[in-house]
Amino acid sequence: MSETTTPTPVPPKKTNRLGLELAQYRGSKTTLCAGCGHNAISERIIDAFYEMGVDQKRVMKFSGIGCSSKSPAYFLNPSHGFNSVHGRMPSVATGALLANASMLGIGVSGDGDTGAIGVGQFVHLMRRNLPLIYIIEDNGCYGLTKGQFSPTADMGSKAKNGVMNDLPPIDTCALAIELGASFVARSFSGDKKQLLSILKAAISHRGTCMIDVISPCVTFNDHEGSTKSYAYVKDHDEVLGEISFVPFFEDISVDYEPGSTTEVKMHDGSHLYLKKLAEDYNPSDKITALRMLHETARRGEFATGMIYIDPNQDNFVDSMNLVETPLAFLPQDQTRPGKQALDELMEALR
Amino acid sequence: MSETTTPTPVPPKKTNRLGLELAQYRGSKTTLCAGCGHNAISERIIDAFYEMGVDQKRVMKFSGIGCSSKSPAYFLNPSHGFNSVHGRMPSVATGALLANASMLGIGVSGDGDTGAIGVGQFVHLMRRNLPLIYIIEDNGCYGLTKGQFSPTADMGSKAKNGVMNDLPPIDTCALAIELGASFVARSFSGDKKQLLSILKAAISHRGTCMIDVISPCVTFNDHEGSTKSYAYVKDHDEVLGEISFVPFFEDISVDYEPGSTTEVKMHDGSHLYLKKLAEDYNPSDKITALRMLHETARRGEFATGMIYIDPNQDNFVDSMNLVETPLAFLPQDQTRPGKQALDELMEALR
Amino acid sequence: MSSPSPSASPAEAAPSTPVVNDFTVQVATVNGSGSQTANLVLLRAIFQMGVPVSGKNLFPSNIAGLPTWFSIRANHRGYISRKREVDFLVAMNPETAKEDVMTLEPGRAVVYDEPLNLKSLRDDLIFYPVPFDKIVAGVCTDAKLRRLVRNMIYDGVLSHLLGIDLAQMEKALAKQLGKKPKAMQLNLGALEAGKKFAEENLQIRHPYRVEHLNKTDGQILIEGNQAAAMGCMFAGVTVCAWYPITPSSSLPEALIGYMRKHRMDKATGKATFAIVQAEDEIAAIGMVIGAGWAGARAMTSTSGPGVSLMSEFAGLSYYAEVPAVVFDIQRVGPSTGLPTRTAQGDILFTAVNSHGDTRHVMLLPSSMEECFTMAMESFDLSERLQTIVYVMSDLDLGMNTWMAHPFKYPEQPFDRGKVLDEAKVKELGATWGRYKDVDGDAIPYRTLPGTPMPAFFTRGSGHNAMAQYSERADDYVQNLDRLARKFETAKTLVPPAILESDADATIGIIAYGSSHWAVQEGRDQLREEAGLKTAYLRLRAYPFGPEVEAFVRKFDRVYVVEQNRDAQMLSLLRLDLDPSLAPNMRSVLHYDGLPIDARSISDSVRAQEQVQ
Amino acid sequence: MSSPSPSASPAEAAPSTPVVNDFTVQVATVNGSGSQTANLVLLRAIFQMGVPVSGKNLFPSNIAGLPTWFSIRANHRGYISRKREVDFLVAMNPETAKEDVMTLEPGRAVVYDEPLNLKSLRDDLIFYPVPFDKIVAGVCTDAKLRRLVRNMIYDGVLSHLLGIDLAQMEKALAKQLGKKPKAMQLNLGALEAGKKFAEENLQIRHPYRVEHLNKTDGQILIEGNQAAAMGCMFAGVTVCAWYPITPSSSLPEALIGYMRKHRMDKATGKATFAIVQAEDEIAAIGMVIGAGWAGARAMTSTSGPGVSLMSEFAGLSYYAEVPAVVFDIQRVGPSTGLPTRTAQGDILFTAVNSHGDTRHVMLLPSSMEECFTMAMESFDLSERLQTIVYVMSDLDLGMNTWMAHPFKYPEQPFDRGKVLDEAKVKELGATWGRYKDVDGDAIPYRTLPGTPMPAFFTRGSGHNAMAQYSERADDYVQNLDRLARKFETAKTLVPPAILESDADATIGIIAYGSSHWAVQEGRDQLREEAGLKTAYLRLRAYPFGPEVEAFVRKFDRVYVVEQNRDAQMLSLLRLDLDPSLAPNMRSVLHYDGLPIDARSISDSVRAQEQVQ
Ligand SMILES: Cc1ncc(C[n+]2csc(CCOP(=O)(O)OP(=O)(O)O)c2C)c(N)n1
Ligand SMILES: Cc1ncc(C[n+]2csc(CCOP(=O)(O)OP(=O)(O)O)c2C)c(N)n1
Ligand code: SF4
Ligand code: SF4
Ligand SMILES: [Mg+2]
Ligand SMILES: [Mg+2]
């Protein structure tokens, strides 16, 4: 699908700025079900990294356990990947990015992996605003264990066996905003254009990019009565306004009537243009964002698009004040203090 | 201190409606530091259960691990108590309250026990709105392990050794509201009257009562530069307006100028009167509550009082549609199906 | 899959004498292709013809699109363990067809999808090409449905090639699809079309036949997780908290079904149970321990990764003495491992699970009947002993289809253990202490919240006999010594090991759990093929009763058969039996993720006994 | 506290001959009363006089108000393990004074706070009443400060009663309070006031004296957690993730201090390390594994409950082969247990920690020097072996004050293990596979993200030698067998056990960790008091090298000394050594939470050897 010709901010070329072809950003063959939303998301990730001309040797992939968590094997083969244990990807990614702060980290989780067993680590990841693209492939169920409800399943949503979910869903976007993530978005695996723009913006952002992507499970949660089915999501997708992303290496000027669009200057010099909806929406104010999430949820709708962004918020890795060289590669003479350091220490204990 | 004569909605008597004296609601001698905020909270719990005339044999006490979590041993001796493992009290309480849904559950946790290792279970407890009084004795540090910062430590707050906290705090009240708790309050261990009213209201509420009580650690976090010291909290306590509680068994009518006060009818027939501040505050609207929390936090203040309440929200235990008799006490003839049930099952497999 | 090198010695080639009721059919398909129905119909039809049968489903850890093998063994002697060699292959999966064919022994038969053109691969096999697409097109006009009924065709083909009554297949099909007339009718069509095609086009050149027998009369077909779930229901479980994980999930999911049907209070229509899908395994065991503490019969079910996550709570249950039942449906491997393969790999870790000095009780079911009965025993034991009890099942038992005799309705009432009541409190009076050993069996009396009995404060930190907080050295030692004595008491309460012995046996075999069936067959092989007489002790629980040491003492060589790399049960035997017996014990290990087979056992024992 | 029944046989009563440099002083106070300074000054002053000394702090698991005991042992022979009997008691705590006095052996001495009026309790002890409040009032006008300096007075009193140079006490005090002139001056006043009071009022009737020796020259006083933290720094640790827990916290906290001082890049002032206080132990080990995977030297430090919570990740490290270093500062008990007491109770659980077939490497430090060196070795080993390595310290080593020889600056460069580089990749070329055993030591080559080396995908689920996802039986078995071989390789890399033997020893003793010091003294007792010659093998790591089996083979009876109930190390020996040696091994167990003492060992061995 990446050979598509539907217009995107950066019209696809045969090769990107690194002279690489799209195919060189692919991964191994997917083992997920045909039609699974997760596969579409993998395609968008491939497109985004290709179009942004990211050097894949500078990328680390992470995941937990689940169908969704298998997907890092299906994109960016030249990058190292770590499919860790269920719900604990945030801690593994945190350690890896401290060990090598020069890398671009992308993590894929599921709504069960994040919202159930992993919600504790999720909370602290958001709070630390760790520079990491954190994607939740959200199908409202546990795909790999055959379709049980997950914590993002909506109240009243029906399972394949007819059972109704009677617990309120966790809104991972609201949670992320409340806890301190600096880039919070929601999208739909079926919305190629929107998801691609969000992913490209995420690549330019330094801080936690929490992207909840509704990604229907065709095998266990795509039926009548499910609020995470393709049909339901298409009908209830309330798009927050068009997103245009202009990467730092392109000089395209986007013109718009003043007031109609919010322009966000990204950390790496790229620009993000967010077209406002009638009710003017300010993606840099947490409370407006939360109100909007609560209201759309009350209406049984999904607000998709850039929900909240602060391109300049402090992040955990930078706050560590680390030396340039990645910690993993520091030579012995920088990590083993000299003899007189030991002598000093001994002297103080005599 | 419970023999105090400061006026409270229920003027203290020598014995309560069960004919019990206050002393009969006490626990074992505290082993916490003299002056620890946690001790004051234990006293308020004793007062509240005494004044509400709660039958202590109908109460179950829970906690995790920490100085705060030791405190259930220091109140309500006649009640069974379970001091479980670090951060996991919510699950233990959930199991116990399913086993015996007729009991009143009260849990005491700490800001580390809840906000760090326990935040995953906290999230799901709030989401389930389990009928439980959940008290966080919040001192912004790990008391029992000698004063390290906890996740509720404010950004810029200084530790005793001078180190500054550089992570944003988790606002447990905002989190609880976002996740679905139906009774969310914040108080201060030093504010006897407010805390007592909140606790009495909590006893009348059916659903999760998440009460974050700022409770200074005199040994490790009561110094200049700490935002959880007695001095700092006294100066920055923004009271949300007076709370009066009238239990169902007293017929006192509280009169107030219309509009000045919000009246809440509790699940058990008791009444809660919340005096509004100038800017009229609606404790039944989540977004107003969240805005207020964000704004006071930005000003470096603590909003204390009833922050959010919905007396009628569904709760996890009731949604289980359980028989009257506590599951723990069901006789064999109600829990072992008859022979023909087995025969049916076998027949279907022939 | 196991790969014996295909040696094409003509000697072995296609035997002409008929082989009746003694062969294995393996169906190779793609998962998600709906082959499960066709396979179960095949299995059930043979079962209904009175021929002992077993099915092993070898499926991948994903949802659709990867190779799956289902092997059905029919055996007139009643052997139901996995047989290594495949006699009859149904090759539907292009991806694996070549390897599936290449790994067959010479002389075996292969039904395959014609376009795969497999017969060119080997000349020492019997091939039956079948044009599945052509046939299905004939019976199903709706292209979308074809994928689903396509597999039914091979059932029809096998009905002819193996002599399985079509009527039995139809009956079996009805059992599966009875409630869906449209699907039923479609599949019947496919079944008949397959049979018809075979009759008209395939001339039988293989020796394998199914013939009527009477060895399954009155029996049932069931999966271990269903049996265990039934056991829990009849044990009166009232609280179940679980978190999904393969191969455990089908236990609580079956339980939900049974309880909704049989455990709703007649009068009020309300539930006499609470089943919670927890946020993770730590929460699940926490809920179970909270419920057990409050007096409920509480359980969870999980697999290896969950057992690891429950470690801290396991220690709390042990030290604070709170009942809890945990089913471990074991799967392969350290870490996330192979979630859809079987093993007995959590034994040693579970026995000592949690930091500090801990020991845990484990029950070891071998059969569908024991999945049912031990589920019930586990609740009695955990309330009697006031500690966590693990039921160590595995994927082979839990998720494969097994024959079983209908379960007997339990005669024994529940044993709710030592809960202080009016009478006892009068007897003990003020001298009652939560952790006092008043009966000499090291098991104290507890009280339950919500009763008039005296309250106490439960904690996982140091406490004395009166349940007061204590850091005193003597209190700690007394408590830990009592817990050790309590474990001795457990030896007298757990189900004893079971002995089966040949007359004048010369060597011993010890096994447990799902290995049992391969051991039984393996012992016959040893006796009949190598003249080795064996005595066999089947462990049913940890800790070991005195009968185990006595058994080992009887033989110079005892072979401990298990499905793990590290000889985990042998390790526990070495730790707990008289050290002088250690040299007598040897290992037979199988840990490739496939259910253990008899040949692996007899080969290993023969080799170690140096018997040709 | 341990409670020998006070038998008042006059024979034992107050010996008149002086007892020089061989006694134990125990100070009983209330925690939070600031007695720590006074106790350390006492300890250090004796140390500075050249007399071998050790201090054991017995503190409660709360912050203030509960009983605390600090015992200081001075011994001219250099015995620094805990001595069971207290010779000289300083009774400051009304709550425990009575029991503290009643449990003394006859003839011992007691300094006590006069109002407690203890001398009425027994007539077979030597009592010295001291009016602390009166004295402190004299030296400190500010009532608030009195609580803090009050304890300094007993130092002064003991200076007189035990003959400890006041000058040395002042020097020791300066070492503690040097930077706080006001506190310094106040405490000096209290010290002198105490001495003065004693000189004027107390006439010495006990035999205990400190006299100058030269047995501590050039040595240091340090706690094991500090030593380990230094080791980590000099090992070049770059990522540390931890979660507070007693008795581990002081290790990472010391590390923070050292790193801030010695590991900030000179040129830029930036950090060459990242230390993270994680949200819990699961996150801590997750960060360590993530960092280790990315090529950092990463560690965490915890205690029992944390080790339990890390179980699942331990299996990931083992199976996916990711380096990680975990310090387990062991404390007492299953569950939350006794957080401020010492034990060696996590040995067996840690060795097999995680579901499935797993085995882990453990280092076993016995001394301050080894806390330092093994911290360094642990990083080399975990990167060399590409697996999790546990350093099994305990509360006694980690939090008590020990004498040590100044640490030697490491000569060996780091061993960063098998990381694929240009050269190697040329050699192996396309044949490189993440999990291929190319060197025959079962250790594969890894590559690091952010380098030009080929990437691979790491997973805890089934994988083949090329690190591709695999559920194949043969791939799984090959991988698990290689891991078993890798553990064999580990035996050749871990620090070997150390042998100390009497000439013609008749029995063997095996011990490890903090038990070492009591064993040394116990062996002297056995030799000198019972004529029992012993050979002693001190284990320093798991898995065991060949020297361990060889040692056990040499003796009919080998006593394994350890501080747990379940003979956990003996269990591992039984599992890993030749089974025929199992009967040779016996246990000496100590698990009351107090550091093991020599007498417990020699008594037990004598009893088992039936030597009077
Ligand atoms: C500790 C642990 N518990 C349970 C499991 C079983 N398990 C595998 S995936 C999964 C849930 C996956 O759901 P989600 O994260 O939403 O991913 P999806 O499959 O829906 O994409 C579970 C419970 C496991 N692998 N590990
Ligand atoms: C699993 C586990 N990890 C760590 C600890 C050590 N620990 C005991 S209490 C505590 C934190 C207590 O902080 P908080 O909950 O805020 O309670 P406070 O003492 O401040 O009242 C910790 C980390 C433990 N007991 N168990
Ligand atoms: S089961 Fe659902 S989530 Fe998993 S791969 Fe199939 S469609 Fe996707
Ligand atoms: S340390 Fe702090 S929290 Fe703990 S008891 Fe003392 S004052 Fe309270
Ligand atoms: Mg999902
Ligand atoms: Mg705290």
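To be clear, the structure that these remarks concern was listed above.
Model, not experiment: these values are computed from the prediction. (Residues numbered from 1 in each chain as written. Chains lettered and ligands numbered in written order. Predicted model: local features only at pLDDT ≥ 70, side-chain atom pairs only at ≥ 80, totals over all residues. Heavy atoms only, no water.)

(A) Main features of the pairing of strand 1 (residues 59-63) of chain B. Residue and element names in this part refer to chain B. Most of strand 1 sits inside the fold, with five of its five residues counted as buried. Here strand 1 shows no split at all, with Val59, Lys61 and Ser63 on one side and Met60 and Phe62 on the other all buried. Here strand 1 runs beside strand 2 (residues 80-83); their pairing, made up of four bridges, is parallel. Within strand 2, the position partnered with lysine 61 by the bridge is glycine 81. (Buried < 20%, exposed > 50% of the residue type's maximum accessible area, 1.4 Å probe, protein only. Helix = DSSP H or I, 4+ residues; strand = E, 2+ residues; numbered from the N terminus. Pairing = 2+ DSSP bridges.)

(B) Broad picture of the coordination of the magnesium ion (ligand 5). Residue and element names in this part refer to chain A. The coordination sphere of the magnesium ion (ligand 5), as far as protein atoms go, consists of Asp111 (OD), Asn139 (OD1) and Cys141 (O), spread over 2.1 to 2.2 Å. Written as a sequence motif, the donor residues of the magnesium ion (ligand 5) are D-x27-N-x1-C. Taken together, the residues span a long stretch of sequence, with aspartate 111 in helix 4 (residues 111-115) and cysteine 141 in strand 5 (residues 141-142) at a distance of 30 residues. Overall, the relative accessible area of 3% leaves cysteine 141 in the buried class. (Donors = N, O, S within 2.8 Å, 3.2 Å for Na, K, Ca; no water.)

(C) Structural context of helix 11 (residues 339-347) of chain B. Listed in full, the buried residues belonging to helix 11 of chain B are B:Ala341, B:Leu342, B:Leu345 and B:Met346. All buried residues of helix 11 of chain B fall inside an arc of 135 degrees around its axis, so they share one side. For helix 11 of chain B, the elements touching its buried residues are strand 9 (220-223), helix 8 (224-234), helix 9 (250-262) and helix 14 (368-385) of chain C. (Arc of directions from axis to C-beta. Contact = heavy atoms within 4.5 Å.)

(D) Spotlight on helix 7 (residues 192-204) of chain A. Residues and elements named next belong to chain A. Along its 13 residues, helix 7 runs 19 Å from first to last C-alpha, staying within 8% of the 18 Å computed at 1.5 Å per residue. The buried fraction of helix 7 amounts to eleven of the 13 residues, a majority that puts the element mostly inside the structure. For helix 7, the set of buried residues is Gln194, Leu195, Leu196, Ser197, Ile198, Leu199, Lys200, Ala201, Ala202, Ile203 and Ser204. (Expected span 1.5 Å × (residues − 1).)

(E) Quick peek at the coordination of the magnesium ion (ligand 6). Donor atoms from the polypeptide that bind the magnesium ion (ligand 6) are B:Asp111 (OD), B:Asn139 (OD1) and B:Cys141 (O), placed at 2.1 Å. In the primary structure, the donors to the magnesium ion (ligand 6) are separated according to the pattern D-x27-N-x1-C.

(F) Spotlight on the site of ligand 2. In the vicinity of ligand 2 lie 24 residues, with B:His38, B:Ser68, B:Asp113, B:Gly143 and D:Glu281 positioned nearest. Neighbouring residues of ligand 2 are distributed over chains B, C and D. Summarising the interface, the protein chains cover 99% of the accessible area of ligand 2, which totals 580 Å² for the free molecule. Residue assignment for the shell around ligand 2 shows that the elements contributing at least two residues are helix 2 (67-70), helix 4 (111-115) and strand 5 (141-142) of chain B together with helix 11 (304-309) of chain D. Broken down by element, the shell around ligand 2 gets its largest block of residues, three residues, from helix 4 of chain B. (Near = heavy atom within 4 Å. Areas by Shrake-Rupley, 256 points an atom, 1.4 Å probe, with all protein chains shown as cover.)

(G) Inspection of the interface of chain D and chain A at higher detail. Between chain D and chain A, the residue contacts involve 74 residues of the former and 57 residues of the latter. For the pair chain D and chain A, the summed buried surface comes to about 5100 Å²; carbon and sulfur atoms form 65% of the total. Where chain D touches chain A, the interface holds two salt bridges. Counting every contact that joins chain D to chain A gives 23 residue pairs in polar contact (both at pLDDT 80 or more). Within the side of chain D that touches chain A, the residues separate by chemical class into 44 nonpolar, 19 polar and eleven charged. In this sheet, strand 18 (residues 457-459) of chain D lies alongside strand 2 (residues 80-83) of chain A in parallel orientation, the contact comprising three bridges. Bridged to A:Gly81 within strand 18 of chain D is D:Phe457. (Buried area = accessible area lost by both parts, 1.4 Å probe. Salt bridge = Lys/Arg side-chain N within 4 Å of Asp/Glu carboxyl O. Polar contact = N/O pair within 3.5 Å; in protein donor to acceptor, adjacent residues only side chain to side chain. Nonpolar A, V, L, I, M, F, W, Y, C, P; charged D, E, K, R; others polar.)

(H) Representation of unusual backbone geometry within the structure. Residue and element names in this part refer to chain C. Each neighbour pair has its own omega, and for tyrosine 542 with proline 543 the value is 5 degrees, a cis peptide bond. Along the chain, proline 543 turns up in the loop between strand 22 (541-542) and helix 19 (546-554). For asparagine 117, which is not glycine, the phi dihedral falls at a positive 45 degrees. Relative to the helices and strands, asparagine 117 is located in the loop between strand 6 (109-113) and strand 7 (126-130). By relative accessible area, which is 41% here, asparagine 117 ends up partly exposed.

(I) Focus on the packing of aromatic side chains. As enumerated under the stated definition, the model contains 43 aromatic pairs over all chains in all. A connected cluster of aromatic rings, assembled from ring pairs, spans C:Phe234, C:Phe372, C:Phe407 and C:Tyr409. Across from the ring centre of B:Phe316, 5.4 Å away, lies the NZ or CZ of B:Arg128, which sits over that ring. Note that D:Arg205 overlies the ring of D:Tyr128, its terminal NZ or CZ placed 5.0 Å from the centroid. (Phe/Tyr/Trp six-rings, centres within 6.5 Å; stacked < 30°, edge-to-face > 60°. Lys NZ or Arg CZ within 6 Å of the ring centre and 35° of its normal.)

(J) Expanded view of the site of ligand 3. In the region of ligand 3, the neighbouring residues are A:Leu32, A:Cys33, A:Cys36, A:His38, A:Cys67, A:Asn139, A:Cys217, A:Val218, A:Thr219, A:Phe220 and C:Ile63. In this structure, ligand 3 is bordered by residues of chains A and C. Residue composition of the shell around ligand 3, by class: eight nonpolar, three polar and no charged.

(K) Representation of the interface of chain A and chain C. Across the contact, 22 residues belong to chain A and 20 residues belong to chain C. Carbon and sulfur atoms make up 58% of the area that chain A and chain C hide from each other, which totals about 1400 Å². Taken as a group, A:Thr31, A:Ile117 and A:Gln148 account for 29% of the area that chain A buries against chain C, more than any other trio of residues on that side. There are zero salt bridges connecting chain A and chain C. Across the chain A-chain C interface, the total number found is six residue pairs in polar contact (both at pLDDT 80 or more). Breaking the side of chain A that touches chain C down by element, the ones donating at least two residues are helix 2 (67-70) and strand 6 (148-149) of chain A. Broken down by class, the residue content of the side of chain A that touches chain C amounts to twelve nonpolar, seven polar and three charged.

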